[in-house]
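Overview (structure and organization)
One letter stands for each residue in the lines below.
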Amino acid sequence: MALHFERSEFDARRDRLMIEMAEKKLDAILLFAQESMYWLTGYDTFGFCFFQCLVVKADGSMVLLTRSADLRQARQTSIIDNIVLWTDRDGANPAVDLRNLLNELDLLGARIGVEYDTHGLTAYNGRRLDEQLQTFGQIADASGIVGRLRLFKSPAEVAKAEKAANLSDDALDAALPLIKQGGDEALILAAMQGAIFAGGGDYPANEFIIGSGVDALLCRYKAGRRKLTKNDQLTLEWAGVFHHYHAPMMRTVLTGKVSKRHQELFDAARAALLAVEKAMTPGNSFGDVFDAHARTMEAHGLTKHRLNACGYSVGARFTPSWMDMPMFYQGNPEPIAPNMTLFAHMIIMDSETETAMTLGRTYLTTESQPKPLSRHDLDLIVQ
């Protein structure tokens, strides 16, 4: 069995979920987020692109409803003992299979929570699910219950995050010798991902961001590669990944001479990140962290060039994104607490001068100041 945690770890997670379910008076919860299933049982698959559901009852018993392609996947990677298959066929409606399963589990008329807010439950399947459950029992939106439990990392999870951060550093080390005039984005990207794989890491939950020239102002991956020029800018956002735990980093690296505007933007990004670090402490909220970022950007006259969020929680995530909740944005009341792994990114995109600057790394929160998980400093990188 390919488990990445001790059985006692999974038992503790199940117990935490049972407490939450009892407080919310749920007789069962239907989990559709792959992150929830992985955290609770170790189940590791990309089969969530199809209909599948982990049913967890108030007594902690679990049943997975999935397809035949994932039967062995569940057996090999998880602690799930009870696996039920729905059959691929013309006109199949797995929501009916789920309703029948819930009936067999003696949940007719029960209060059932549903994890709606996830890529693992499309709007189409969500509508079919609601049609089957509308008269079956009392249905409640249970989105975010497991997500909030995942926000607080155990010592074993912290170890995964620290390994992922080492791989992030290795990826940057592999990239830097290739970032120069004539350097090929394709080779840079290959070196970064290769370093992570060579270090025992995994695929990220979303593509690495790489863009130079005017494309350095983009905050998303896009197809197409170019070669760097004498005085260029290259924006990179990547994550080391270990057993699906992510530790993102972000940098804009320059080649040749540093323009006055690049230096201005870097000074602001560094000051903002240091302000964010001071705010990333117990007693403050995620909104307070964003405010520290926003005040610094405003002081540098860069309000119109910043984004409306400056980071988020990270952990074990699956496609299509390594971003987790909660995020650093205005007014977010979620308290900062110890044992969170949080990615803070300072992103400044000046479209008027086509100048980009970014700076970001992953932190472990503590009882006081956060601990950066990267071994790299915050100096401007010029090749």
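For clarity, every value in this text was computed on a predicted model and none was experimentally measured.

**Topic: the overall build of the chain**
- In terms of regular secondary structure, the chain is built from 10 helices and 14 strands.
- Principal-axis analysis of the C-alpha atoms gives the chain an extent of 70 × 45 × 35 Å.
- Expressed as a percentage of the 383 residues in the chain, the buried residues total 57%.
- Per element, the accessible surface of the chain, about 16300 Å² overall, is 51% carbon and sulfur.
- Averaging the coordinates of the 40 positive side-chain charges in the chain and doing the same for the 48 negative ones gives two points 3 Å apart.

**Here we look at the pairing of strand β3 (residues 62-66)**
- Within β3, five of the five residues are buried, which leaves the element mostly enclosed by the surrounding structure.
- Of the two faces of β3, the one lined by M62, L64 and T66 and the one lined by V63 and L65 are each fully buried.
- In this sheet, β3 lies alongside strand β2 (residues 53-57) in antiparallel orientation, the contact comprising four bridges. Within the sheet, the bridge partner assigned to C53 lies in β3 and is L65.
- Linking β2 to β3, which pair antiparallel, is a turn of four residues; within it G60 sits at a positive phi near 90°.
- Here β3 runs beside strand β4 (residues 83-85); their pairing, made up of three bridges, is parallel. Paired with T66 across the two strands is L85, which belongs to β4.
- The parallel pair β3 and β4 is bridged by helix α3 (residues 71-77), and the resulting crossover is right-handed.

**Description of the packing of aromatic side chains**
- For the structure on display, the rule yields eight aromatic pairs.
- Look at F32 and F51: their rings are 5.7 Å apart centre to centre, the planes differ by 75°, and that puts the pair in the edge-to-face class. Within this pair, whereas F32 is found in the loop between β1 (28-31) and α2 (34-41), its partner F51 is found in the loop between α2 and β2, the two being separated by 19 residues in sequence.
- Residue classification places F32 among the buried residues on the basis of a relative accessible area of 1%.

**A closer look at the packing of helix α9 (residues 260-279) against helix α10 (residues 286-299)**
- In the contact formed by α9 and α10, the axes pass within 8 Å of each other and the chain directions differ by 155°. Between α9 and α10, the interaxial angle falls into the category roughly antiparallel. In the crossing of α9 with α10, the sense of the turn from one axis to the other is right-handed. Contact residues: α9 offers A268, A271, A272, A275, V276 and A279, while α10 offers D288, V289, A292, H293, T296 and M297.

**Some remarks on the sheet that holds β3**
- Strand order across the open sheet formed by six strands is β4-β3-β2-β1-β5-β6, with mixed pairing between neighbours. This sheet does not close on itself; its edge strands, each paired only once, are β4 and β6 (138-141). The sheet shows a mean angle of 25° between the axes of neighbouring strands, direction not considered.
- Looking at chain direction, β1 and β2 are connected through four bridges and run antiparallel.

**Examining the side chain of K57**
- Note on placement: K57 falls in strand β2.
- Here K57 is buried and forms no salt bridge, its nearest opposite-charge partner D59 lying at an N-O distance of 5.0 Å.
- Every residue in contact with K57, bar those within four places of it in the chain, is listed here: M21, D27, A28, L105 and L107.

**A look at the domain arrangement of the chain**
- We note that the domain assignment places domain 1 (5-148) and domain 2 (151-370) within the chain.
- Computed over C-alpha atoms only, the centres of domain 1 and domain 2 are separated by 33 Å.
- Listed by partner, the interface residues are 14 residues for domain 1 and 16 residues for domain 2.
- Summing both sides of the interface, domain 1 and domain 2 together bury roughly 1300 Å²; the carbon and sulfur share of this comes to 52%.
- For domain 1, the biggest contributors to the area lost against domain 2 are E35, Y38 and R148; these three give 43% of the whole.
- For E35, the salt bridge identified is with R317, shortest N-O distance 3.6 Å.
- Applying the counting criterion to the domain 1 and domain 2 interface returns seven residue pairs in polar contact (both at pLDDT 80 or more).
- Looking at the side of domain 1 that touches domain 2, the elements that each hand over two or more residues are α1 (7-23), α2 and α6 (145-151).
- In terms of residue class, the side of domain 1 that touches domain 2 is made up of four nonpolar, four polar and six charged.

**As for the UniProt feature "domain: Creatinase N-terminal" (unreviewed entry) in the chain**
- What UniProt calls "domain: Creatinase N-terminal" (unreviewed entry) maps, in this numbering, to residues 13-151.
- Taken as a whole, residues 13-151 contains 40% helix and 18% strand, while its terminal C-alpha atoms sit 12 Å from one another.

**Points about the UniProt feature "domain: Peptidase M24" (unreviewed entry) in the chain**
- Following the UniProt record, one finds the feature "domain: Peptidase M24" (unreviewed entry) at residues 161-366.
- The span residues 161-366 shows a helical share of 31% and a strand share of 28%, and its end C-alpha atoms are spaced 14 Å apart.

**Quick look at the nonpolar core**
- Counting residues in hydrophobic clusters, the biggest one holds 43 residues, and the most contacted among them are I179, I188, M192, F208, L234, L236 and W238.
- Sorting the residues of this core by element identifies α7 (155-175), α8 (185-198), β8 (232-242), β9 (245-255), β10 (309-313), β12 (341-350) and β13 (355-364) as the ones contributing at least two each.
- For this core, the element with the most residues is α7, which contributes eight residues.
- Apart from the residues lying within four places of it in its own chain, the contact partners of M192 are A171, A175, F208, L236 and W238.
- Ranked by size, the runner-up nonpolar core spans 32 residues in total, among them F266, V276, A292 and F328.

Parameters at a glance
Residues numbered from 1 in each chain as written. Predicted model: local features only at pLDDT ≥ 70, side-chain atom pairs only at ≥ 80, totals over all residues. Heavy atoms only, no water. Helix = DSSP H or I, 4+ residues; strand = E, 2+ residues; numbered from the N terminus. Buried < 20%, exposed > 50% of the residue type's maximum accessible area, 1.4 Å probe, protein only. Areas by Shrake-Rupley, 256 points an atom, 1.4 Å probe, with all protein chains shown as cover. Lys, Arg positive; Asp, Glu negative; His and termini not counted. Charge placed at Lys NZ, Arg CZ, Asp CG, Glu CD. Pairing = 2+ DSSP bridges. Right-handed = clockwise from strand over helix to strand, strands pointing away. Phe/Tyr/Trp six-rings, centres within 6.5 Å; stacked < 30°, edge-to-face > 60°. Axes fitted to C-alpha atoms, helices over the stretch in contact; angles between N-to-C directions. Parallel < 35°, antiparallel > 145°, perpendicular 65-115°, else oblique. Left-handed = near helix turned anticlockwise from the far one by under 90°. Contact = heavy atoms within 4.5 Å. Salt bridge = Lys/Arg side-chain N within 4 Å of Asp/Glu carboxyl O. Domains from an automatic or database assignment. Buried area = accessible area lost by both parts, 1.4 Å probe. Polar contact = N/O pair within 3.5 Å; in protein donor to acceptor, adjacent residues only side chain to side chain. Nonpolar A, V, L, I, M, F, W, Y, C, P; charged D, E, K, R; others polar. UniProt positions renumbered as here; feature names shortened; annotations may be inferred. Core = buried A, V, L, I, M, F, W, Y, C linked by side-chain atoms within 4.5 Å.

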